[in-house]
Structures are given as C-alpha cells and as structure tokens.
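One letter stands for each residue in the lines below.
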Amino acid sequence: MGKTYTFGQNVPCLKAWATQERVHFKPMFETGRAIKGMNADKALEYLEQVIAHKRAVPFFRYNEGVAHHEQGHEFGCPQARWPEKSCKLYIKLIKNALSGLAQKPELDRSKLIIAHVQCNRGQQYRYRRIHQAHGRVKSYASPPTNVQIVLAEPQEKTQSAE
C-alpha cells in the first residue's frame, strides 16, 4: 500500500497514507466515499463542518442501525452520521499530502481533487484481555484501519474511437 499506487501514466500527484490507525473501518470507508472527487480545500471545509455537526456523512453501504437525519438528504441518503474521529484523520492526511506541494511546482493547489481513497481493515491487536464473569478471560481487540489518499489535478477525458 502507499507507494505502489499510480494515478495515470506520468501524472504528478500527492499521496498520503496511515497504517494501523485506531479508527473504525466502516466510518472511515463512508467518509472516504463522501470526499472522493471533491476539491481538496472543499473537502477540508466539509470535514470541519462534519466535526461541528453542520453537515453529515451519508452511510450507503454500512448503514445497518444508522438513524435517518435531515442532513443526509444532501447526498440523497437519509442515513447519516458525524464520524469525528475519521474526519480528523482525513484532515490530517489531506494536510500531510498538501505539505508536499512545494516539491511538485507543476501542481496548482486550487485545482487539486481527491482522486483516490482506499481504506482497508488493519491487523487487529489482540494482546489486551477483558475479564468476564465466572473466571473467564477473552481477548479485547481494537479495530485498526489502513487508509491512503491521492490528490491530483483532474485529467481531461478523451473520446473513445468509434
């Protein structure tokens, strides 16, 4: 993960990734789906508004038990939440990717979009234990996530040959 992804052929892009972050996978997946294709600055603004509960993240796939909210109708999905921890991680990743902008002078910050978001479940830490009734002990696993984003300028679409 990370260095292996290429966005187009000889297309300059900015990448950022985090591994084994202690954030749940499902909100990370849905937040990534919501910001993919957005302008980088608008995505930062959107994530800040989600943290402030002004806008919501729609839950399309992992929506079992997610309540309906009016703010979700912006995306055509009534089931929505405000995943603060995942939004903070995406803000950190976008700012990290934008920090490499000085090394790529051919890129324009105002034109950068979030071209690629990949979110995978990480390896669970199972070393912690929780004690239960009647002397039983079981593992107490955490839910880490691996996430990667790529910022690039939108490419012009070419017409296919007929």
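Residues numbered from 1 in each chain as written. Predicted model: local features only at pLDDT ≥ 70, side-chain atom pairs only at ≥ 80, totals over all residues. Heavy atoms only, no water.

Caption draft 1: A look at the packing of aromatic side chains. Using the criterion set out here, one finds four aromatic pairs in the structure. When the centroid spacing of 5.9 Å and the interplanar angle of 40° are considered together, the rings of Phe25 and Phe29 count as tilted. Residue Phe25 and its partner Phe29 are both found in helix H1 (residues 25–35); the two are separated by four residues, about one turn of the helix. Here Phe25 falls in the buried class, since its relative accessible area comes to 10%. Arranged with centres 5.8 Å apart and planes meeting at 70°, the rings of Phe25 and Tyr62 form a pair that is edge-to-face. Residue Phe25 is located in helix H1, and its partner Tyr62 is located in the loop between strand E2 (57–58) and strand E3 (80–81); the two are separated by 37 residues in the primary sequence. Classification of Tyr62 by relative accessible area gives partly exposed; the value is 24%. One aromatic cluster in this structure is built from Phe25, Phe29 and Tyr62. (Phe/Tyr/Trp six-rings, centres within 6.5 Å; stacked < 30°, edge-to-face > 60°. Helix = DSSP H or I, 4+ residues; strand = E, 2+ residues; numbered from the N terminus. Buried < 20%, exposed > 50% of the residue type's maximum accessible area, 1.4 Å probe, protein only.)

Caption draft 2: Summary view of the state of the cysteines. Applying the stated rule across the entire model yields zero disulfides. Unpaired in terms of disulfides, Cys87 finds its nearest cysteine sulfur in Cys119, a separation of 12 Å. Owing to a relative accessible area of 0%, Cys87 belongs among the buried residues under this scheme. (Disulfide = S-S within 2.5 Å.)

Caption draft 3: Looking closely at the pattern of salt bridges. One pass over the structure, following the stated rule, counts three salt bridges. With its nearest N and O atoms 3.0 Å apart, the salt bridge here joins Asp41 to Arg109. Of the two residues, Asp41 is situated in helix H2 (residues 40–51) and Arg109 in the loop between helix H3 (84–98) and strand E4 (113–121); the sequence distance between them amounts to 68 residues. On the basis of relative accessible area, Asp41 is assigned to the partly exposed category, the value being 31%. In this structure, Glu74 and Arg55 form a salt bridge, with 2.4 Å as the shortest nitrogen-oxygen distance. Here Arg55 lies in the loop between H2 and E2 and Glu74 lies in the loop between E2 and E3, a separation of 19 residues in the sequence. Overall, Glu74 belongs to the partly exposed group, its relative accessible area being 46%. In this structure Arg55 comes out as partly exposed when scored by relative accessible area, which is 23%. (Salt bridge = Lys/Arg side-chain N within 4 Å of Asp/Glu carboxyl O.)

Functional significance is not addressed by these values, which are geometric in nature.
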